[in-house]
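# A look at the structure
Here is what each chain is made of, one letter per residue.
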Amino acid sequence: MSNFIGIDIGTVFTKVAVLSKKNYIKKIFFFMTPYGNREGLNSIDKDIFVKKITENISKGDLITSSIVMNVPSSSIFVMIVDLPKMSKKELGVAAVSEVKRKMVPPPTSNSVFEYKIMGEKVVEDVSFVEVLVIKTESEYVNNLLSLFLTIKGKYPDIIIPNSVVIAKNLRNSLRDKFCAIVDIGYESTNISVVNKNNLYFSRDIKFGLKSLYEHFAGVVNVSIGEMEAIIQKEGVPFVDFDIRDKVRVAEEIMRQKYEDSLKGNEQKINLLELRMLWEEVLQRMSSEIRRSVSFYKQQYRGEGIENFIFFGGGSSIKGLVSEIGKSLEGECEVSDVFKGISWETGNEDMINRFGPLLAPSVYLAMSVSEVSRKEDAINFIPKKIKRRKNIIKRQFFIFLLIVGLILINCLAGYIMVRSCKKKERILKNIEAGIRKFENAVNVLNILEKDKVDFNNKVKEMNRIISKRVINSEILKQIFNCIPKEAVLLSLKMNKKIQDEDSEGLMDGGMNSEEGAGLMMNSEEGAGLMINRGTGEELFGVYQVRIETLIFNEYEKSKKIMEGFSERLRNCKQFTNTKLVLPVQEELKPRFEGGGFISLSIKKERKFIITADIRR
């Protein structure tokens, strides 16, 4: 998606804002305007200008983006004329003619006009149409157009005064109020009056930060650069008493200087003296703003100004706006364009430090979509370029239409070919299916015979399993009963020898001749082995023999194994449970730390448990 780029060319700095959509900033920056030997748009070095921009925006993005640039506020003339109702075209011609007749001094042959129909008003039961007319010089417009000559075929999409786009993009709570927009620049201060997205008045005062720095530097006897640094740091110093009391001011200045001399902290300028220098400037600026508002009320409307909104580099000077606001009737604030707007990470420092300076460029970028949609919007792009852009748009639309038709035809042909191939594949699949069906019938007959044999074998296996004595449930019960202190050495299951007085197990472990058996030996890593033998051999008495190893004292080992034996005895699968104890060594009391410990030492002890398996 193409971006919206706002470029605000000022006397000192050029500010650029790149928006991907109306309320999202991708990039924002500024640089020194690269003037030649003298200031003015016609002396800007075009190569350096484009280079500074393309350092932050690629040429590819620049070509595909919509660009809006400002007409310097010092080069515009604004007038509102009331005309009777007529067609739009006639209104435009009549409004421009009326402005040319009233202008002092009269316009030249290089003057260009743009108009906008603002709405209707009724005066003494007579309806009139208000038309806003803005004049500038073609020299300014041509110089703005020529800045991008190094990028072939790229022109700005919109050239418009800052005050017009600011009026369109004020927050909703201010749009129905009459607001004064004050842009404090380097060489001049522009005062405009706006209401309901319309510009009603604009005045440029040849007094800005440059005049302020030069005046202060001359009084204090420091360089302009030093004075600028002092003002940017200190701003308008706060004073907690009446500044009009000259005697107290003089006494306070002498006291502060005396205290600074005692501390050895000599400053180039005392802050209270700086505040006294500011007093004259503040009075002049507030007086010019009041004069402009008063002239507007007399000449045009009559409504009072409710809000004063400040822009430009001067607005960022600490305390300046609040001090000017003390002598104005209305609420004063610095531009809040960055409230409710988001931006990519990395732009925070630039916005926090230079927000008022960069605000107009953001307003310019935000106005691209709205201005480009309306035919009667203020836009000083020459008509021949507008027509060229419209022709290019129509040609591009026709090109897209032709390409679309070609793609549709290609897609239709592709679908037909695929449909034929698909039908051919379907026929082949049907034939293959018929052959597979014939084979499947033969296979089913064979499987039916195999199924009968399989069912017979399953029945035989189930009969054998139902007579089995040794199963997984017996093993599970044994493993659940083994204490955690014991290590299982071996587990044997054999057919019990009929001699009741014997140990009940055949010596030697497994014996396939005696019948079914099971052996588990952890030392040899052998798995579980089950030999069911024949069905007749399962009807005997079986006995399990469990051999375990415990590393502990004799008494504790015996107690653990007795618990093991008792748990087996409580299992319903076992009867006749017996515990075979190891040979008991000589018992001798052992003491340690003055107390009795045990009668035997800790060592490895083997225990054997035997039990009959219930049938």
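This text goes with the structure placed above it.
These numbers come from a predicted model, not from an experiment.

### Some points on the overall build of the chain
- Counting its regular elements, the chain contains 16 helices and 22 strands.
- Buried residues in the chain amount to 42% of all 615 residues.
- Partitioning the intrachain contacts of the chain with sequence separation of at least 6 by distance along the chain shows that 67% fall at a separation of at least 24.
- Carbon and sulfur atoms make up 53% of the accessible area of the chain, which amounts to about 35200 Å² in all.

### Looking at the pairing of strand β18 (residues 542-552)
- For β18, the tally of buried residues reaches 10 of 11 residues, placing the bulk of the element in the interior.
- Where β18 and strand β22 (residues 603-613) come together, 10 bridges link them in antiparallel fashion. Bridge pairing in β22 places I546 opposite I609.

### Considerations on the sheet that holds strand β14 (residues 342-343)
- The strand order across the open sheet built from six strands is β8-β4-β1-β2-β3-β14, with neighbouring strands paired in mixed fashion. If you trace the sheet from one side to the other, it starts and ends with β8 (158-161) and β14, each paired once.
- Note: strand β3 (residues 24-32) against β14, two bridges, orientation parallel. Bridge pairing in β14 links I25 to W343.
- Packing of helix α1 (residues 46-54) onto the sheet brings it into contact with β1 (4-9), β2 (13-21), β3 and β4 (66-71), and relative to β3 it is tilted by some 145°.

### Describing the environment of V141
- If you trace the backbone, V141 turns up in helix α4 (residues 138-146).
- Judged by relative accessible area, which is 4%, V141 ranks as buried.
- Once residues within four sequence positions are removed from consideration, V141 is found in contact with V112, T136, I159, F380 and P382.

### Regarding the pattern of salt bridges
- One pass over the structure, following the stated rule, counts 18 salt bridges.
- The salt bridge involving K210 is made with E187; its shortest N-O contact spans 3.7 Å. Here K210, found in helix α7 (residues 209-220), pairs with E187, found in the loop between β9 (179-184) and β10 (189-195); they are 23 residues apart in sequence, far enough to count as distant.
- By relative accessible area, which is 30% here, K210 ends up partly exposed.
- Across the salt bridge formed by D204 and K206, the nearest N and O atoms sit 3.8 Å from each other.

### A short note on the nonpolar core
- One finds I7, F49, F148, W278 and F338 to be the most contacted residues of the largest nonpolar core, which totals 105 residues.
- By residue number, the principal contributor to this core is helix α10 (residues 271-299), which donates nine residues.
- The next biggest cluster of nonpolar side chains, apart from the first, holds 23 residues, and it includes A486, L488, Y542 and V544.

### Some details on the packing of α7 against helix α8 (residues 224-234)
- Here α7 crosses α8 at 105°, and the two axes come no closer than 9 Å. Classed by the angle they form, the pair α7 and α8 counts as roughly perpendicular. For the pair formed by α7 and α8, the contact residues are L212, Y213, E214, F216, A217 and V220 on the first element and I224, M227, E228, I231 and Q232 on the second.

### Regarding the environment of T11
- Here T11 shows up in the loop between β1 and β2.
- You can call T11 partly exposed: its relative accessible area is 26%.
- It is 9.2 Å that separates the C-alpha atoms of T11 and L41, two residues lying 30 residues apart in sequence.

### Overview of the packing of aromatic side chains
- The tally for this structure, following the rule as stated, stands at 11 aromatic pairs.
- Ring geometry for F30 against F354: centres 4.9 Å apart, planes inclined by 70°, an arrangement best described as edge-to-face. In this pair, F30 is assigned in strand β3 and F354 in helix α12 (residues 348-366), connecting sequence segments 324 residues apart.
- Judged by relative accessible area, which is 26%, F354 ranks as partly exposed.
- A centroid spacing of 5.3 Å and a plane angle of 85° characterise the contact between F216 and W278, whose relative ring orientation is edge-to-face. You can see F216 sitting in helix α7 and its partner W278 sitting in helix α10, a full 62 residues away along the chain.
- Taking the relative accessible area as the measure of exposure, W278 reaches 0% and is therefore buried.
- Taken together, the ring pairs in this structure connect F178, Y200, F201, F295 and Y296 into an aromatic cluster.

### Looking at helix α15 (residues 472-481)
- Inspection of α15 places I474, L475, I478 and C481 among the buried residues, and these make up the whole buried set. Looking straight down α15, one finds its buried side chains confined to an arc of 135°; they lie on one side. In α15, the exposed residues that point more than 90 degrees away from the buried face are S472 and N480.

### Brief notes about the sheet that holds strand β5 (residues 77-83)
- Reading across the sheet, the three strands line up as β5-β7-β6 and stay open at both edges, with antiparallel pairing between neighbours. The strands lining the two open edges of the sheet, one partner per strand, are β5 and β6 (111-123). On average, adjacent strands in this sheet sit at an angle of 20° to one another, irrespective of strand direction.
- In the sheet, β6 pairs with strand β7 (residues 126-137) via 12 bridges, with the strands oriented antiparallel. Paired with E114 across the bridge in β7 is I134.
- Contacts between helix α3 (residues 88-102) and the sheet are confined to β5, β6 and β7, with β5 contributing the most and set at about 120° to the helix.

### Describing the side chain of S335
- Within the secondary structure layout, S335 lies in the loop between β13 (331-334) and β14.
- Side-chain polar atoms of S335 contact the backbone nitrogen of V337, separated by 3.4 Å.
- Setting aside its immediate chain neighbours within four residues, S335 contacts I309, F310, F311, A359 and Y363.

Calculation criteria
Residues numbered from 1 in each chain as written. Predicted model: local features only at pLDDT ≥ 70, side-chain atom pairs only at ≥ 80, totals over all residues. Heavy atoms only, no water. Helix = DSSP H or I, 4+ residues; strand = E, 2+ residues; numbered from the N terminus. Buried < 20%, exposed > 50% of the residue type's maximum accessible area, 1.4 Å probe, protein only. Contact = heavy atoms within 4.5 Å. Areas by Shrake-Rupley, 256 points an atom, 1.4 Å probe, with all protein chains shown as cover. Pairing = 2+ DSSP bridges. Axes fitted to C-alpha atoms, helices over the stretch in contact; angles between N-to-C directions. Salt bridge = Lys/Arg side-chain N within 4 Å of Asp/Glu carboxyl O. Core = buried A, V, L, I, M, F, W, Y, C linked by side-chain atoms within 4.5 Å. Parallel < 35°, antiparallel > 145°, perpendicular 65-115°, else oblique. Phe/Tyr/Trp six-rings, centres within 6.5 Å; stacked < 30°, edge-to-face > 60°. Arc of directions from axis to C-beta. Polar contact = N/O pair within 3.5 Å; in protein donor to acceptor, adjacent residues only side chain to side chain.

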